[in-house]
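Here are the chains, one letter per residue:
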Amino acid sequence: MLGEGRIEANVRNDKQKKEKEKKIKLDPERIAYKFTMQYYPEKDIVFVNIISRYTCINSCMFCERKDKVDNVYEEQVGHSLWLERKPNIEEITEAIRGKINQSTEEIAFVGMGEPFMYFNELVGTITKIKESFPIGQSYSYRVRANTNGLIYHIQGYNNQVKRLKSAGIDEVRVSLNAINSEDYNALCNPPSRDGMDPFSRIMHFIIDCKAASIDTKVSFVTGYSSKGITTKSTEEYIAFAQSIGFVKDDVIVRQYTTSREPETKTIIVKDGTIEDV
């Protein structure tokens, strides 16, 4: 009886917590926002953050995602992106409505944390966006989602790529950050689940995205070194990406930077050549 009482109390507390969270009003400026990108200053992009409390499955050594602490991402945006709770589809859509216009080229789900942690909301929002802002009727944009590619590690295999394609996603940008399992585990600290290799699951996800004709790009961070762990060079990352079927234009390599150091350069591949921007 005592055990049943504790279970009932926990259920009641969880319900009260959820009801309390629903009453929290979210600032739409923290859900949808714009800022001038260093390497594409002319591009009109609506960035979308759907992650509460900077939630992520990984704990990458080079990531500045910290609880309520100013970081390089928020410095670029100019304000906090912290969300006390997960926004619903209606809140996300309305926040986007306040930013989108006829010149918008892209709606990009990025944010502080991993957007695919809320996969159902992500897919539902993409569907809603395409319904609310029809392409060809005043709008001409692409929908992109940045991810660490670990959705199969989070949820198992559940037709996620098919659902993304059906919702209308145009591009998936995978933060790969390594060329093998050993490097990935050391740099990104993914959780262990059912004995499967996280890096292999990312590769599987990438293969499925490309097979579904979703525009797929991979990104890497270079110039990081700490505690005996050092990232590869730009050339090594590009060579690896090419070995798994990517052309240079679909590879992004960024120089590691922190909020305490000015960014020296961003390395991109444009028109088939490596550029320091």
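Scroll up to find the structure this text is about.
Quick notes on the rules
- Residues numbered from 1 in each chain as written.
- Predicted model: local features only at pLDDT ≥ 70, side-chain atom pairs only at ≥ 80, totals over all residues.
- Heavy atoms only, no water.
- Buried < 20%, exposed > 50% of the residue type's maximum accessible area, 1.4 Å probe, protein only.
- Helix = DSSP H or I, 4+ residues; strand = E, 2+ residues; numbered from the N terminus.
- Pairing = 2+ DSSP bridges.
- Axes fitted to C-alpha atoms, helices over the stretch in contact; angles between N-to-C directions.
- Parallel < 35°, antiparallel > 145°, perpendicular 65-115°, else oblique.
- Left-handed = near helix turned anticlockwise from the far one by under 90°.
- Contact = heavy atoms within 4.5 Å.
- Nonpolar A, V, L, I, M, F, W, Y, C, P; charged D, E, K, R; others polar.
- Salt bridge = Lys/Arg side-chain N within 4 Å of Asp/Glu carboxyl O.
- Arc of directions from axis to C-beta.
- Core = buried A, V, L, I, M, F, W, Y, C linked by side-chain atoms within 4.5 Å.

Moving on: the pairing of strand E5 (residues 171–175). With 4 of 5 residues buried, E5 is to be regarded as a mostly interior element. In this sheet, strand E6 (residues 215–222) lies alongside E5 in parallel orientation, the contact comprising 5 bridges. What sits directly across from valine 174, in E6, is valine 218.

This part covers the packing of helix H4 (residues 119–132) against helix H6 (residues 160–167). Packing of H4 against H6 leaves a shortest axis separation of 8 Å and a crossing angle of 20°. Classified by the angle their axes make, H4 and H6 are roughly parallel. For the pair H4 and H6, the sense of crossing is left-handed. Together, Phe119, Asn120, Leu122, Val123, Ile126, Thr127 and Lys130 of H4 and Gln160, Arg163, Leu164 and Ala167 of H6 make up the contact between the two elements. Grouping the constituent residues of the contact of H4 with H6 by class yields 6 nonpolar, 3 polar and 2 charged.

So, about unusual backbone geometry. Of note in this structure, asparagine 159 is not a glycine but carries a positive phi near 55°. Position of asparagine 159 among the secondary structure elements: in the loop between helix H5 (151–155) and H6. Under the relative-accessibility criterion, asparagine 159 is labelled exposed at 57%. Look at aspartate 194: it is not a glycine, yet its phi comes out positive at around 45°. Aspartate 194 gets classed as exposed once you look at its relative accessible area, which sits at 60%.

Right, let's talk about the pattern of salt bridges for a bit. Across all of its chains, the model carries 16 salt bridges by this definition. Measuring nitrogen to oxygen at the nearest pair gives 3.0 Å for the salt bridge that ties glutamate 29 to lysine 99. A residue pair is termed long-range when its members are at least 10 positions apart, and glutamate 29 in the loop between helix H1 (2–22) and strand E1 (32–33) and lysine 99 in the loop between helix H3 (89–97) and strand E3 (106–109) qualify at 70 residues. In this structure, glutamate 171 and arginine 173 form a salt bridge, with 2.8 Å as the shortest nitrogen-oxygen distance. For the pair shown, glutamate 171 and arginine 173 are each scored as buried. Linked through salt bridges whose partners overlap, the residues forming this network are Arg142, Glu171, Arg173, Asp215, Lys217 and Asp250.

This part covers H6. Taken together, the buried positions of H6 are occupied by Gln160, Val161, Leu164 and Ala167. One side of H6 holds all its buried residues, which, seen down the axis, span an arc of 125°. Opposite the buried face of H6, at more than 90 degrees from it, the exposed residues are Lys162 and Ser166. Residues of H6 that are buried make contact with H4, H5 and helix H8 (198–211).

With that out of the way, let us pick up the nonpolar core. Core analysis: the largest hydrophobic core is formed by 61 residues, its most contacted members being Phe109 and Phe205. Setting aside chain neighbours within four positions, we find phenylalanine 205 in contact with Phe116, Thr147, Gly149, Ile151, Tyr152, Val161, Leu164, Val172 and Val174. Core analysis: the second largest hydrophobic core is formed by 11 residues, Met37, Phe47, Tyr54 and Met112 among them.

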